[in-house]
Amino acid sequence: LPSSAIDGGMASTTSTADESYVAPSYEIDRRRNLAIISHPDSGKTTMTEKLLLYGGALQQAGAVRMKGEQRATQSDFMEMEKARGISISATVMTFDYNNLRINILDTPGHQDFSEDTYRNLPSNIRRPGYHHSHVFHVYDDPNREMNHISTRALAAADNAVMLLDAAKGLEPQTRKLFEVCRMRSLPLFTFVNKMDRPAMSPYEIMDQIEQEFGLATYPILWPIGDGDRFKGVLDRTNDVVHLFDRGDRQGKAEVEQIHMDDRETLKSSIGDDELFEKLLEDQELLSELISPLDMGRVMSGEQSPLFFGSAMTNFGVQLFLDKFCDMGTKPSGRLAKRNEEGKGKRSKQQGSNANDDDDEADEMISPDHREFSGFVFKTQANLDPKHRDRLAYIRIVSGAFQKGMKVGHSRSKPGKKYNLAQAQTLFGSDRESVEVAYPGDVIGINNPGNFAIGDTLFSGNEKIAFPGIPSFSPEIFAYIRNRDMDKYKSYQKGIDQLLAEGAVQALRQRNDDGGGPLILAAVGQLQFEVVQARLKSEYGVDSDLEPIGYNLARWADAGWDAVDKADADGKLFGIMIVQDRWRRPVLLFRNDWKAASVAEDEKYLMLKPWSK
Ligand code: G4P
């Protein structure tokens, strides 16, 4: 391998006359990306930090944890990030480890979310003493919003790690995010954290995962004791025991390694006869009880390699990282609609989403496809209040990104090209320009307002459109109104931007020209607050919200004729009929029970969850 390639230097791809951009296979093969899913407080921040530490990307643990103002003053840290070519931002953290390039995609935690929210609040309430947790505590379940955002990060990931608190096992957030992993059949690794505290039995945890998720686990690392008696782990891939030394919390852990066959040394090093006997028993029991590791099943998300450790005390993290590098999958392709630009139904029907066209077959776009393609999974506006900038984050699916390349866009007119002159990664608050990037990587590009979540960018003449990104179905609805008609233009601009970012979703009252009053749909109250606060601080407009007492949306797949018939027959009493941005009929219900009974009694409506 040319070392310049490993260093991420300019690739040997050349742009040919037809502007095709191919990713070299070694660049695809060496990429691994992962998203960590967990319930708040399981240790995701700690784990991320330790992965960076063991990956050589950080010298000292503790750096990621610093939040808000504390982090902003860490300019040395920023310098270090730059020097080492890693980025620690809310979107992706990248580092090289054993010639592999690891991208950790951030699934925002509760603190991060409230911090973002806080940052986006108008300055008059963002005053010293107004701690961001005030915003956070007002609402009953801010975690719902967090899930919503995490789902998008999962759409960009190829591997996921489910991080559990050993004392708590599965928790609500893990359950919710697991559903998303399952939907995508993502390879899922499980890391049971905080073994240095009193823990559930490892068998009990395996059982819980199996019973609740129908997911088989295969212990790679098996714990020896827990809490104060946590001695270490058995690596079942080679029968080596790693004994744990409660060392320095900031640095790397010292580890003693002993083979299982060396019974005497093992017994005296464990120094606890009961745990030693238990280890022998467990080893035997596991080899009898557990079906063998099947990488095919791991890749399709049916069997989860299981690890035990303690991120805080650095134990099991490097073992996990090494195994993940071996077992995790390289960037995978994605199914997409493909057609020659200018042909087919898509090109005539502007403004619709790719996944609406069921009459075009899906085709796999693999990373070695000869053209560049990628999809937007996150957009962000006004990151830096001094420059009114907007970024779209692209997960590259195929080909090579090169600075200055021209790309088509799934929702634009055929033949229209955008020049990607300005891709960047974020280093804290600084930006660094990206020359070249490959499948599995995430780049931030300037977004003049054209790119929305779920959009595809592609090189070449053949249009590629990846399906939209799934999101949770909204549960609260409200009319939004501009208070000052003189500011209509700013209001409209702000609303358009916030909808494009996916800050909330939109429905409209039914109206023949599609222009009925706007209804915002959200998974939690906090989203509404953010929209109003950002309209005020970024666009200078005051708005009023009027909540509507419905809390469930169902899309009537059968179309307007069926809905009109049901309405005329008096079957939709107490149900609000609205339309989404493709003017498809959406019904709003007051409760699950009502939605279920209409779905049952009026099957011809073909009700389906509505989520975008
Ligand atoms: P999160 O991002 O998933 O919300 O979790 P985070 O890493 O912030 O960890 C939550 C708390 O759990 C922190 O304690 C952290 O130190 C602790 N923790 C993380 N991993 C381990 C572990 O392996 N063992 C033990 N015993 N604790 C762990 P805190 O009190 O909130 O913060 P701090 O005072 O430790 O910084």
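As the structure is a computational prediction, the values presented were derived from the model and not from experiment.

1. Quick look at the overall build of the chain
- Per the secondary structure count, the chain includes 19 helices and 32 strands.
- Among the 612 residues that make up the chain, the fraction classed as buried is 44%.
- The contacts in the chain between residues at least 6 apart in sequence include a share of 72% that link residues at least 24 apart.

2. Observations regarding helix α12 (residues 273-289)
- Here α12 spans 24 Å end to end across 17 residues, near enough to the 24 Å set by a 1.5 Å rise per residue.
- Of all 17 residues in α12, one are buried; the element is thus mostly exposed.

3. Points about the environment of Val523
- Counting through the fold element by element, Val523 comes out in the loop between β27 (518-522) and α17 (525-539).
- For the pair Val523 and Asn103, spaced 420 residues apart in sequence, the C-alpha separation works out to 28 Å.

4. A short note on the packing of helix α3 (residues 44-54) against helix α14 (residues 317-327)
- Axis separation between α3 and α14 bottoms out at 9 Å; the angle between their running directions is 75 degrees. Taken as axis vectors, α3 and α14 run roughly perpendicular relative to one another. Contacts from Lys50, Leu51 and Tyr54 in α3 reach Val317, Gln318 and Leu321 in α14.
- Of the residues in the contact of α3 with α14, the class split is four nonpolar, one polar and one charged.

5. Remarks on the site of the ligand
- With respect to spatial proximity, 16 residues lie near the ligand, and among them Gly43, Lys44, Thr45, Thr46 and Met312 are the closest.
- Ranked by residues supplied to the shell around the ligand, first place goes to α3 with three residues.
- Taken together, the residues that form the shell around the ligand break down as three nonpolar, eight polar and five charged.

6. Topic: α17
- With 15 residues, α17 ought to run about 21 Å at 1.5 Å a step, and its terminal C-alpha atoms sit 21 Å apart, in line with that.
- Burial in α17 covers these residues: Gln525, Leu526, Gln527, Phe528, Val530, Val531, Gln532, Arg534, Leu535 and Ser537.
- Looking one or two residues beyond α17, the residue adopting positive phi is Gly540, at roughly 65 degrees.

7. Re the sheet that holds strand β4 (residues 159-165)
- Judged by pairing direction, the sheet is mixed, and its seven strands sit side by side in the order β2-β3-β1-β4-β5-β11-β6 without closing on themselves. Each edge of the sheet is formed by a strand with only one pairing partner; in this case those strands are β2 (92-97) and β6 (216-219). Ignoring strand direction, the axes of neighbouring strands in this sheet form an average angle of 30 degrees.
- Two elements, β6 and strand β11 (residues 303-308), share four bridges in a ladder whose sense is parallel.

8. Some points on unusual backbone geometry
- Residues other than glycine seldom take positive phi values, yet Asn98 does so here, at roughly 45 degrees.
- Note that Asn98 resides in the loop between β2 and β3 (100-105).
- Residues other than glycine seldom take positive phi values, yet Met606 does so here, at roughly 55 degrees.
- Considering the arrangement of structural elements, one finds Met606 in the loop between α19 (592-601) and β32 (607-609).
- Met606 gets classed as partly exposed once you count the C-beta atoms within 10 Å, which come to 14.

9. Topic: the pairing of strand β17 (residues 405-409)
- Pairing of β17 with strand β18 (residues 418-420), which is carried by three bridges, proceeds in the antiparallel orientation. Among the inter-strand pairings, Met405 is bridged to a residue of β18, identified as Leu420.
- With two bridges connecting them, β17 and strand β23 (residues 456-458) associate as antiparallel partners. Each bridged residue has a counterpart across the sheet, and for His409 the counterpart in β23 is Leu457.

10. Digging into the packing of helix α16 (residues 488-501) against α17
- Relative to each other, α16 and α17 sit at 130 degrees, their axes nearing to 10 Å. What the angle tells us is that α16 and α17 run oblique. As for the relative orientation of α16 and α17, their crossing is right-handed in sense. Contacts between α16 and α17 involve Ser490, Tyr491, Lys493, Gly494 and Leu498 from the former and Val531, Arg534, Leu535, Glu538 and Tyr539 from the latter.
- Residues of the contact of α16 with α17, tallied by class, amount to five nonpolar, two polar and three charged.

11. Some points on the nonpolar core
- Ala160, Ile394 and Phe401 are the most contacted members of the largest nonpolar core, which totals 99 residues.
- Ranked by residues supplied to this core, first place goes to strand β15 (residues 390-398) with six residues.
- Setting aside anything within four residues of it in sequence, one finds Ile394 in contact with Gly374, Phe375, Val376, Val442, Ile443, Ile445 and Leu457.
- Core analysis: the second largest hydrophobic core is formed by 36 residues, Leu507, Leu535, Leu572 and Leu587 among them.

12. A word on the sheet that holds strand β31 (residues 585-589)
- With respect to topology, eight strands assemble into an open sheet ordered β28-β25-β27-β26-β30-β31-β29-β32, the strand pairing being antiparallel. Since the sheet does not close on itself, it has two edges, and those belong to β28 (543-548) and β32, each with one partner. Neighbour-to-neighbour, the strand axes of the sheet open up by a mean angle of 40 degrees, direction not taken into account.
- Of the strand pairs in this sheet, strand β26 (residues 505-509) and strand β30 (residues 576-579) are connected by two bridges, and their pairing is antiparallel. By the bridge assignment, Gln509 is partnered in β30 with Val578.

13. Topic: the confidence of the model for the chain
- When pLDDT is averaged across the chain, the result is 78; 74% of the residues are at 70 or more.
- Per the prediction output, this complex has pTM 0.74; the corresponding ipTM is 0.98.

14. Things to note about the pairing of β11
- Within β11, six of the six residues are buried, which leaves it mostly tucked inside the rest of the structure.
- What you see with β11 is no split at all: Gln303, Pro305 and Phe307 on one side and Ser304, Leu306 and Phe308 on the other are buried throughout.
- Pairing analysis gives three bridges linking strand β5 (residues 188-193) to β11, with the strands arranged parallel. Within β11, the residue paired with Val192 across the bridge is Phe308.

15. With respect to the environment of Met327
- Within the secondary structure layout, Met327 lies in helix α14.
- Residue classification places Met327 among the partly exposed positions, given that 18 C-beta atoms sit within 10 Å.
- It is 8.7 Å that separates the C-alpha atoms of Met327 and Val298, two residues lying 29 residues apart in sequence.
- When near neighbours in sequence (up to four residues on either side) are disregarded, Met327 contacts Val298 and Pro305.

Procedures and definitions
- Residues numbered from 1 in each chain as written.
- Predicted model: local features only at pLDDT ≥ 70, side-chain atom pairs only at ≥ 80, totals over all residues.
- Helix = DSSP H or I, 4+ residues; strand = E, 2+ residues; numbered from the N terminus.
- Buried ≥ 20, exposed ≤ 12 C-beta atoms within 10 Å, placed from the backbone.
- Contact = placed C-beta atoms within 7 Å.
- Expected span 1.5 Å × (residues − 1).
- Axes fitted to C-alpha atoms, helices over the stretch in contact; angles between N-to-C directions.
- Parallel < 35°, antiparallel > 145°, perpendicular 65-115°, else oblique.
- Nonpolar A, V, L, I, M, F, W, Y, C, P; charged D, E, K, R; others polar.
- Near = placed C-beta within 6 Å.
- Pairing = 2+ DSSP bridges.
- Left-handed = near helix turned anticlockwise from the far one by under 90°.
- Core = buried A, V, L, I, M, F, W, Y, C linked by C-beta atoms within 7 Å.
- pLDDT = per-residue confidence, 0-100.

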